[in-house]
Amino acid sequence: MQSIDRAMNVINVLVSHSSENWLSITDLSEECDLPVSSMHRLLKAMSKHGLIQQDEQSKRYGLGSIWLENGLRMYDKLDYISQIRPELERLMNKVEESVYLSQPIEMESLIIERIDSEKSQIRVYDHLGSRVPMHIGAANKAMLAYMPSLQATEIIESLLPLQERADFWDKLKETKRKGYGISHNERTVGTSSVAAPILNHFGEVHGAVSIGFVSFNLTEDRLDFLIQNVREAGRRVSSKLGYREP
């Protein structure tokens, strides 16, 4: 188990750096708090399985191609390729803003799809694979609001101090009543987002579709337009997954 933990630590360090900035064994040893000798043995084993690769000239290390290969295989198998992406593209073309698909993973959500509008001069840009704490952002509020109470309570009590929970619960109740989540300046100043939940045929939260946009010169009419369209997109996607509104 210790070897697995160490290997995942190396992977997380490499992921946190840009693809053009590979790391030396000394850099990795320092960031992972391991002796160079131990790091050398670990990197040799990881390289054997394609988890990492070494540049022959610089001798620096980066992620191996196996991550891309396996990621593409998983991407191809996911239902949203055939079921959801066309609806995301339809929404993007309608609102001409960046559109996102998120899914909950325990105390965080994972951005698993992003479609940008070429017509938008200023884009709200969140990387695919980004993890966001479940109490932050419109998409996460939309998902939390539709989760079973016990599940939502566990998440909220883990992430929020006691004095902030009552107000947050009020926001979730309002989110469910209106059928959408909204966020202003939570992750990036000057940006906003609106989101709608995606429910499966059991009525369980499958994810959320959201629109990210800059809030400069945002009018009430424009906001209403975005809200209406993200709610419609959420309903269409949920219907494709078998959800039937009561």
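Higher on the page you've got the structure.
By size, the foremost hydrophobic cluster in this structure holds 24 residues, and its most contacted members are L88, L91, V194, V209, I211 and V230. Of all elements in the fold, only α6 (85-95), β3 (98-105), β4 (108-115), β7 (191-199), β8 (205-214) and α10 (220-240) reach the threshold of two or more residues within this core. Counting residues per element, this core draws most heavily on α10, at six residues. Grouped together as the second largest cluster of nonpolar side chains are 18 residues, A139, M143, M147 and I155 included.

Within a regular beta strand, the side chains point alternately toward one face of the sheet and then the other, so they alternate between its two faces. Most of β8 is tucked away, with eight of its ten residues classed as buried. Bridge analysis of β3 against β8 gives five bridges, and the strand direction is antiparallel. Bridge pairing in β8 links S102 to A208. Relative to β8, β7 runs antiparallel, the two sharing nine bridges. The residue bridging I198 from the neighbouring strand is G207, located in β8.

Tallied over the full model, the rule gives 13 salt bridges. In this structure, the salt-bridge partner of K178 is E174, at a minimum N-O distance of 3.3 Å. Of the two residues, K178 and E174 are both situated in helix α9 (residues 162-178); the distance of four residues between them amounts to about one turn of the helix. Judged by its relative accessible area of 31%, E174 falls in the partly exposed class. One continuous salt-bridge network, built from bridges that share partners, spans E87, R90, R236 and K240.

Attention now moves to the packing of aromatic side chains. Under the defined criterion, the tally for this structure stands at zero aromatic pairs. Sitting over the ring of Y146, K176 keeps its end group 5.5 Å from the ring centre.

The residue G129 is located in the loop between β4 and β5 (131-133) in this model. The partly exposed category is assigned to G129, whose relative accessible area is 44%. The sequence separation of G129 and R114 amounts to 15 residues, and the corresponding C-alpha distance is 9.9 Å. Once residues lying within four places of it in the same chain are set aside, the contact partners of G129 are L110 and I111.

Cut-offs and rules
Residues numbered from 1 in each chain as written. Predicted model: local features only at pLDDT ≥ 70, side-chain atom pairs only at ≥ 80, totals over all residues. Heavy atoms only, no water. Core = buried A, V, L, I, M, F, W, Y, C linked by side-chain atoms within 4.5 Å. Buried < 20%, exposed > 50% of the residue type's maximum accessible area, 1.4 Å probe, protein only. Helix = DSSP H or I, 4+ residues; strand = E, 2+ residues; numbered from the N terminus. Pairing = 2+ DSSP bridges. Salt bridge = Lys/Arg side-chain N within 4 Å of Asp/Glu carboxyl O. Phe/Tyr/Trp six-rings, centres within 6.5 Å; stacked < 30°, edge-to-face > 60°. Lys NZ or Arg CZ within 6 Å of the ring centre and 35° of its normal. Contact = heavy atoms within 4.5 Å.

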